[in-house]
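As a plain string of letters, each chain reads:
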Amino acid sequence: MATYVISDLHGQYKMFLKLLEKVAFSDADELYMLGDAVDRGPDGIKILQHVMNSPNMHFLLGNHEVMMLEVLDPRGSAKSDISGYHGPEADRWLWWNGGDRTFNKYKRLKKEERVKLMDWLYSCPLSLKIEVNEKIFLLTHTAFLPDKINIPFKEMNENDVNYIVWNSPFRPDLYKDIRDYIYYKPWTFIIGHVPACYMADIVYGEGEHELSSFTVENVIDIDGGCASGGRDNKDSRGAILLRLDDMKEFTITFAETDKG
């Protein structure tokens, strides 16, 4: 049995399946997905349904799922046309953050499928603390609040939710102090939200590195840059799967995925 973590697939379902195949993922393994399965890419709804229907897979909400839940009816109804959604929250999700691709797939689901998906998303937490081989990991999309760990979305208030899914030690505009994470050593924080390759571009030079995570102190960022769709660099953007048992990384780039 092995425990894996992945984040920020942004609709790249084909890539997700290929990466699971690469590690021979089985029913004996566990997978934690740290949010942002949806938007920008083509098949975010398929990713959500795959995780939802897999007993050994667990989902944590990211900012893109939160934006989705801010706009869609929790009872599963969906307008027939995207132009029926108005207001700043709808604009932010549908037009500024690639939510239109998710919505167009979501509205094609049967009503009972939409209800099941929404109920499940409302039950998902934003951060989880788990133990693997006597080592503590705090899994979260990006930030955390110590008293909001293992709490489902439906039991949290809006301010706490937005803080957890938007603030990051790697975002100067929405900054969470890295010292907040260091304080909890020897815990290891696994996060996403900001593509690790962006930091690697700064350190090593753009395009001069392989796809990998980025670590500062006890924080490991495993966002592989799927949000770009590989348009900026197909050889160093893709998905990162981290095995917590031995901290080994498995990756697949857009270039590898395109090869079939």
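Let me begin by describing the structure that accompanies this report. (Residues numbered from 1 in each chain as written. Predicted model: local features only at pLDDT ≥ 70, side-chain atom pairs only at ≥ 80, totals over all residues. Heavy atoms only, no water.)

**A look at the packing of helix H3 (residues 63-71) against helix H7 (residues 158-166)**
And step 1. Two elements in contact, H3 and H7, have axes separated by 9 Å at closest approach and are oriented at 145 degrees. Taken together, the residues of H7 that come into contact with H3 (itself represented by Asn63, Val66, Met67 and Glu70) are Val161, Asn162, Val165 and Trp166.
And step 2. Split by residue class, the contact of H3 with H7 holds five nonpolar, two polar and one charged. (Axes fitted to C-alpha atoms, helices over the stretch in contact; angles between N-to-C directions. Helix = DSSP H or I, 4+ residues; strand = E, 2+ residues; numbered from the N terminus. Contact = heavy atoms within 4.5 Å. Nonpolar A, V, L, I, M, F, W, Y, C, P; charged D, E, K, R; others polar.)

**Points about the pattern of salt bridges**
And step 1. The full count for this structure, using the stated rule, is 12 salt bridges.
And step 2. With its nearest N and O atoms 2.6 Å apart, the salt bridge here joins Glu217 to Lys185. Of this pair, Glu217 sits in the loop between strand S7 (214-216) and strand S8 (219-221) while Lys185 is found in the loop between helix H8 (178-182) and strand S6 (188-191), placing the two residues 32 residues apart along the sequence.
And step 3. In this structure, the salt-bridge partner of Arg243 is Asp246, at a minimum N-O distance of 2.7 Å. (Salt bridge = Lys/Arg side-chain N within 4 Å of Asp/Glu carboxyl O.)

**Some points on the sheet that holds strand S3 (residues 57-59)**
The strands making up a sheet are joined through hydrogen bonds of the backbone, oriented either antiparallel or parallel.
And step 1. Strand order in the open sheet formed by five strands is S3-S2-S1-S9-S10, and the pairing between neighbours is mixed. Two strands lie at the open edges of the sheet, namely S3 and strand S10 (248-253), each paired on one side alone. Neighbouring strand axes in the sheet, compared pairwise and without regard to direction, differ in orientation by 20 degrees on average.
And step 2. Two strands pair when backbone bridges link them, and strand S9 (residues 238-243) and S10 are joined in this way by six bridges, in the antiparallel orientation. Its bridge partner lying in S10, Leu242 is registered against Glu249. (Pairing = 2+ DSSP bridges.)

**Some words on the sheet that holds strand S5 (residues 135-140)**
And step 1. Read across the open sheet, the five strands follow the order S4-S5-S6-S8-S7; overall the sheet is mixed. Lying at the two open borders of the sheet, with one neighbouring strand each, are strand S4 (127-132) and S7. Averaged over neighbouring strand pairs, the angle between their axes works out to 25 degrees when direction is ignored.
And step 2. Helix H9 (residues 196-204) rests against S7 and S8 of the sheet, and its axis sits at about 75 degrees to S7.

**Considering the environment of Pro169**
And step 1. Here Pro169 lies in the loop between H7 and H8.
And step 2. When the C-alpha atoms of Pro169 and Val219 are compared, they prove to be 8.9 Å apart, with 50 residues separating the residues in sequence.
And step 3. The residues contacting Pro169, other than those within four sequence positions of it, are Thr142, Tyr175, Lys176, Ile178, Tyr181 and Ile191.

**Digging into the packing of helix H2 (residues 44-52) against helix H6 (residues 111-123)**
And step 1. The geometry of H2 relative to H6 is characterised by a closest axis approach of 11 Å and an angle of 70 degrees between their N-to-C directions. As summarised for this structure, H2 and H6 are arranged roughly perpendicular, according to the angle between their axes. On H6, the residues touching Ile45, Leu48, Val51 and Met52 of H2 are Lys116, Leu117, Trp120 and Leu121.
And step 2. Tallied by class, the residues present in the contact of H2 with H6 amount to seven nonpolar, no polar and one charged. (Parallel < 35°, antiparallel > 145°, perpendicular 65-115°, else oblique.)

**Details of H2**
Two residues of an α-helix separated by three or four positions point the same way, owing to the 3.6 residues in each turn.
And step 1. Among the residues of H2, those classed as buried are Gly44, Ile45, Ile47, Leu48, Val51 and Met52. In an axial view of H2, the angular spread of the buried residues amounts to 160 degrees, which keeps them on one side of the axis.
And step 2. The secondary structure elements touched by the buried residues of H2 are helix H1 (13-22), strand S2 (30-33), S3, H3, helix H5 (99-106) and H6. (Buried < 20%, exposed > 50% of the residue type's maximum accessible area, 1.4 Å probe, protein only. Arc of directions from axis to C-beta.)

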